[in-house]
Amino acid sequence: MDKRLFKKLAASMREMGEITRGERAPSRRFEITAMDVQEIRKSTGLSQANFARIIHVQLGTLKNWEQGRRDPTGPAKALLQVIRKDPAHVLKALSDADG
């Protein structure tokens, strides 16, 4: 492995350890609240059922997010953030992927 790349990777791993131990704040954070999920979906003009189908989550999961009983995590949170930024293109891409 390239020494420069290895140094960057090692530094990144140290930062991750510091963040998980609470010694350092993350450089960025995506917070998606229940209200955000509902607003993101409503901005698309889709029903809960259609939005859930397009983003490949169970309808109950989407309802739980919108009602604040659960929070989206990981890839779902990232996908919602991307939809928030450019709903038309993202939803088209997701719809095209379904065939």
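That block above? That's the structure.
Residues numbered from 1 in each chain as written. Predicted model: local features only at pLDDT ≥ 70, side-chain atom pairs only at ≥ 80, totals over all residues. Heavy atoms only, no water.

Structural notes on the side chain of Gln81
- The residue Gln81 is located in helix 5 (residues 74–85) in this model.
- On the basis of relative accessibility, which here comes to 13%, the residue Gln81 falls in the buried class.
- At 3.2 Å, the side chain of Gln81 forms a polar contact with the side chain of Arg84. (Helix = DSSP H or I, 4+ residues; strand = E, 2+ residues; numbered from the N terminus. Buried < 20%, exposed > 50% of the residue type's maximum accessible area, 1.4 Å probe, protein only. Polar contact = N/O pair within 3.5 Å; in protein donor to acceptor, adjacent residues only side chain to side chain.)

A word on the side chain of Glu66
- The residue Glu66 is located in helix 4 (residues 59–66) in this model.
- Only 2.5 Å separates the side chain of Glu66 from the side chain of Arg41, close enough to count as a polar contact.
- Excluding residues that lie within four positions of it along the chain, Glu66 makes contacts with Ala34, Val37, Gln38, Arg41 and Gln48. (Contact = heavy atoms within 4.5 Å.)

Focus: helix 2 (residues 34–44)
- Taken as a whole, helix 2 has its buried residues at Ala34, Asp36, Val37, Ile40, Arg41 and Thr44. Mapping the buried residues of helix 2 onto a view down its axis gives an arc of 165°, with all of them on the same face. The exposed set on the far side of helix 2, more than 90 degrees from its buried face, consists of Met35, Lys42 and Ser43.
- Looking at the buried side of helix 2, the elements it contacts are helix 3 (48–54), helix 4, helix 5 and helix 6 (87–97).
- Residue Gly45 follows helix 2 closely and has a positive phi angle near 80°. (Arc of directions from axis to C-beta.)

A look at the packing of helix 2 against helix 5
- At a closest axis distance of 10 Å, the pairing of helix 2 and helix 5 adopts a crossing angle of 45°. Considered as vectors, helix 2 and helix 5 are oriented oblique to each other. Like other packed secondary-structure pairs, helix 2 and helix 5 cross with a definite hand, here left-handed. Contacts between helix 2 and helix 5 involve Asp36, Val37, Ile40 and Thr44 from the former and Leu80, Ile83 and Arg84 from the latter.
- A per-class count over the contact of helix 2 with helix 5 returns 4 nonpolar, 1 polar and 2 charged. (Axes fitted to C-alpha atoms, helices over the stretch in contact; angles between N-to-C directions. Parallel < 35°, antiparallel > 145°, perpendicular 65-115°, else oblique. Left-handed = near helix turned anticlockwise from the far one by under 90°. Nonpolar A, V, L, I, M, F, W, Y, C, P; charged D, E, K, R; others polar.)

Concerning the pattern of salt bridges
- Within the structure shown, the criterion is met by 5 salt bridges.
- As a salt-bridge pair, Glu23 and Arg21 come within 3.0 Å of each other at their nearest N and O atoms.
- Glu23 sits in the exposed class, given a relative accessible area of 54%.
- Across the salt bridge formed by Lys92 and Asp96, the nearest N and O atoms sit 2.9 Å from each other. Residue Lys92 and its partner Asp96 are both found in helix 6; the two are separated by 4 residues, about one turn of the helix. (Salt bridge = Lys/Arg side-chain N within 4 Å of Asp/Glu carboxyl O.)

As for a nonpolar patch on the surface
- A surface patch of nonpolar side chains, amounting to about 310 Å² of accessible area, comprises Phe6, Leu9 and Met13.
- One can find Leu9 in helix 1 (residues 3–20).
- Of the residues examined, Leu9 reaches a relative accessible area of 39% and is grouped as partly exposed. (Patch = residues over 30% accessible without salt bridge, like charges linked within 9 Å, V, L, I, M, F, W, Y side chains within 5 Å. Areas by Shrake-Rupley, 256 points an atom, 1.4 Å probe, with all protein chains shown as cover.)

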